[in-house]
Amino acid sequence: MMNDCSPKHDLLGLSQPQMTSMLGELGEKPYRTNQVMKWLHHRFVDDFSQMTDISKKLRAEFENIAEIVEPKVISEKCSTDGTRKWLMQSRSGSAFETVYIPEDSRGTLCVSSQVGCALDCKFCSTGKQGFNSNLTSGEIVGQLRVVERILAAQRSDSEQKVTNVVFMGMGEPLLNADQVIPAVSVMMDDLGYGISKRKVTISTAGVVPGIQRLKENTDASLAVSLHAPNDQLRDQLVPINRKYPIAELLDACRDYALNLGEKRTVTIEYILLDGVNDQAQHVRELIELLRDFPCKINLIPFNGFPGSGFKRPSSRAVRFFQEKLVQAGYATMVRTTRGEDIDAACGQLAGKVEDRTKRSSRYQKIAQQMVD
Ligand code: SAH
């Protein structure tokens, strides 16, 4: 039972089992879960009084103990290529970004899982700003709800819809697994947004215990930001590698893929940085490293931002890298850059992070522990 000081239940973020258990505590039957989740995620209701098939008593109780809160949209930018980026506000007052990328046959939503990021990958603009806070499950699901709502309202002239979700916005999802796991569940649930498990992708810089935890809790798709073919280089580019080196990371991925079955594989993401990890020796090493590791490879030509110190390789160099991998038998795609004119491309999401890592010794310690 809740008392006056308990925080209210954040309904948007509750997975089906969590919702059933909360309703059970209120003495409600499991079928209520269906009703409430449909109001929340299919009909986008924001007000308990609109939940007309639910008893007055439960509605009154909800007023006291529960809330439906979407992140607030602060601003929107639209790219010439149709990509849209929203700056949203978390409950804690910090700003984060969400990007929608329309394509002919699909619409991909790129969601944030944290405000800022503690991992400090050297080529990432979010990382440069430090870590501020975790988003809640409700705020993660809320990004999808807000965008679905906006698209639905504008759908008369186009058939835009979110068909895919990627956790490739701000933050490291597996350092916020407590919130990401229920959010993913709502996204894939038919009572939620019904997005296929193959079309919800969690991207990680390599938090090995997080991958193990994910395996026990979801069958969403997994992408791993490898970015280097050996530990020496990866230690520099993706500092969390010093804690979870490549061999351990690939083992965890293999395990994850085995658990998925159905011939599903993990996606390897590999950013291409001019002169740093895009040379003939790197592709040779990468092919050797991934021998016997069933995967798809996504090459991401570096997206620049001021002061990054890196350059995007020429298209010739990108093609060379791709061809070598294809010849070695790997399904290899080059991720096309979308929304660059509005800083919406991978690694450019900045939001307006007030970095707490640099200001508080407590956060500094947390960030340090992550890479030690
Ligand atoms: N923390 C997660 C999600 C990050 S963003 C992860 O590391 O996977 C998704 C992808 O964009 C990651 O592969 C990330 O390494 C990549 N990325 C980051 N900065 C980039 C940049 N400037 N250019 C291109 N890709 C970038």
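I will try to describe carefully the structure that is included in this document. Everything numeric here is computed off the predicted structure, so don't read it as measured data.

Criteria and thresholds
Residues numbered from 1 in each chain as written. Predicted model: local features only at pLDDT ≥ 70, side-chain atom pairs only at ≥ 80, totals over all residues. Heavy atoms only, no water. Helix = DSSP H or I, 4+ residues; strand = E, 2+ residues; numbered from the N terminus. Buried < 20%, exposed > 50% of the residue type's maximum accessible area, 1.4 Å probe, protein only. Contact = heavy atoms within 4.5 Å. Disulfide = S-S within 2.5 Å. Pairing = 2+ DSSP bridges. Axes fitted to C-alpha atoms, helices over the stretch in contact; angles between N-to-C directions.

Following the sequence through the fold, His282 ends up in helix H10 (residues 280-289). Note on His282: relative accessible area 7%, which makes it buried. Here His282 is in contact with Pro229, Leu233, Tyr270, Val276, Asn277 and Phe321, once residues within four sequence places are set aside.

This part is about the environment of Gly210. Relative to the assigned elements, Gly210 resides in helix H7 (residues 208-217). On the accessibility criterion, Gly210 (7% relative accessible area) is buried. Residues Gly210 and Val266, 56 residues apart in the sequence, show an inter-C-alpha distance of 15 Å.

Right, let's talk about the state of the cysteines for a bit. The tally for this structure, following the rule as stated, stands at zero disulfides. Considering cysteine sulfurs only, Cys124 is the nearest to Cys121, which forms no disulfide, with 6.3 Å between them. Judged by its relative accessible area of 18%, Cys124 is buried.

Taken in spatial order, the ten strands of this open sheet run S3-S4-S5-S6-S9-S10-S11-S12-S13-S14, and their pairing is mixed. The sheet is open, and its two borders are formed by strand S3 (72-78) and strand S14 (331-334), each paired with just one other strand. Averaged over all pairs of adjacent strands, the angle between strand axes in this sheet comes to 20°, irrespective of strand direction. The pairing of strand S11 (residues 221-225) with strand S12 (residues 266-272) spans three bridges and is classified as parallel. The residue of S12 that forms the bridge with Val224 is Ile268.

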